[in-house]
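Residue-level structural notes
One-letter residues, chain by chain:
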Amino acid sequence: MNEQGGAGVVTAKWLPGAPIVRAFNAINYARLAETSHRHADPVGVPIAGDDPKALALAESLIKEIGFEPVVVGGLPMGKHLVPGTPLGGEHTPAEIRKIAGTLK
């Protein structure tokens, strides 16, 4: 994986012109059903991408399945959306925004 931009940037190089959005890499798949549709305390899903239409579609899909999407920046920010990084794991949307503000 490219340490400068992560898998999303590498994928974009392999698929030039394809709209790439990184999402759902931060939350353990086994917890998705349990943590979706929590109205009082929604779980945020950090997403990264450069294409506004692709981001809008991803945000819509994320909301539809019961999470709160949080755009954290362009595709290079996708390197922070994996377990073991500050954005890895379950966070509220506010926590995601706070953490993302400290990352490059």
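Reading guide: rules and limits
- Residues numbered from 1 in each chain as written.
- Predicted model: local features only at pLDDT ≥ 70, side-chain atom pairs only at ≥ 80, totals over all residues.
- Heavy atoms only, no water.
- Pairing = 2+ DSSP bridges.
- Helix = DSSP H or I, 4+ residues; strand = E, 2+ residues; numbered from the N terminus.
- Contact = heavy atoms within 4.5 Å.
- Axes fitted to C-alpha atoms, helices over the stretch in contact; angles between N-to-C directions.
- Phe/Tyr/Trp six-rings, centres within 6.5 Å; stacked < 30°, edge-to-face > 60°.
- Buried < 20%, exposed > 50% of the residue type's maximum accessible area, 1.4 Å probe, protein only.
- Core = buried A, V, L, I, M, F, W, Y, C linked by side-chain atoms within 4.5 Å.
- Right-handed = clockwise from strand over helix to strand, strands pointing away.

Attention now moves to the sheet that holds strand β2 (residues 44-49). By definition, the strands of a sheet pair up through backbone hydrogen bonds, in either a parallel or an antiparallel sense. The 3 strands are arranged β1-β2-β3 in an open sheet whose pairing can be described as mixed. Two strands bound the open sheet, and with one partner strand each, they are β1 (21-22) and β3 (68-73). For β2 and β3, the ladder comprises 5 bridges, and the chain directions are parallel. Note on β3: the bridge partner recorded for Gly 44 is Glu 68. Contacting β2 and β3, helix α4 (residues 93-100) crosses the sheet at an angle of about 5 degrees to β3.

The subject of this paragraph is the packing of aromatic side chains. For the structure shown, the criterion picks out 1 aromatic pair. Centre to centre, the rings of Phe 24 and Phe 67 are 6.0 Å apart; their planes meet at 80 degrees, and the pair counts as edge-to-face. Taken together, the positions of Phe 24 in the loop between β1 and α2 (32-35) and Phe 67 in the loop between α3 (52-64) and β3 put the pair 43 residues apart, joining distant regions of the chain. Assessed through its relative accessible area of 28%, Phe 24 is described here as partly exposed.

Among the nonpolar cores identified, the biggest contains 10 residues, and these are Ala 48, Val 70, Val 72, Met 77, Leu 81, Leu 87, Ile 96, Ile 99, Ala 100 and Leu 103. Elements with a minimum of two residues in this core: β3 and α4. Of the residues forming this core, the biggest block, 3 residues, is contributed by α4. Contact partners of Met 77, with chain neighbours within four places excluded, come to Ala 48, Val 72, Ala 100, Leu 103 and Lys 104. Listed in part, the 8 residues of the second largest apolar core include Val 43, Val 45, Leu 55 and Ile 62.

Of all 6 residues that make up β2, 6 are buried, and the element is covered over most of its length. Pairing geometry for β1 and β2, over 2 bridges, is antiparallel. Looking at β2, one finds that Arg 22 is bridged to Ala 48. Handedness of the crossover is the feature at issue here: the chain leaves β2, passes through α3, returns alongside β3, and the resulting connection is right-handed.

Looking at where Ser 36 falls in the secondary structure, it is placed in the loop between α2 and β2. With relative accessibility at 16%, the residue Ser 36 sits in the buried group. Those residues within four positions of Ser 36 in sequence are excluded, and the remaining contacts are Ile 65, Gly 66 and Phe 67.

Time to look at the environment of Phe 24. Sequence separation between Phe 24 and Asp 50 is 26 residues; the distance between their C-alpha atoms is 17 Å. Not counting residues within four places of it along the chain, the set of residues in contact with Phe 24 comprises Leu 32, Val 45, Pro 46, Ile 62, Ile 65 and Phe 67.

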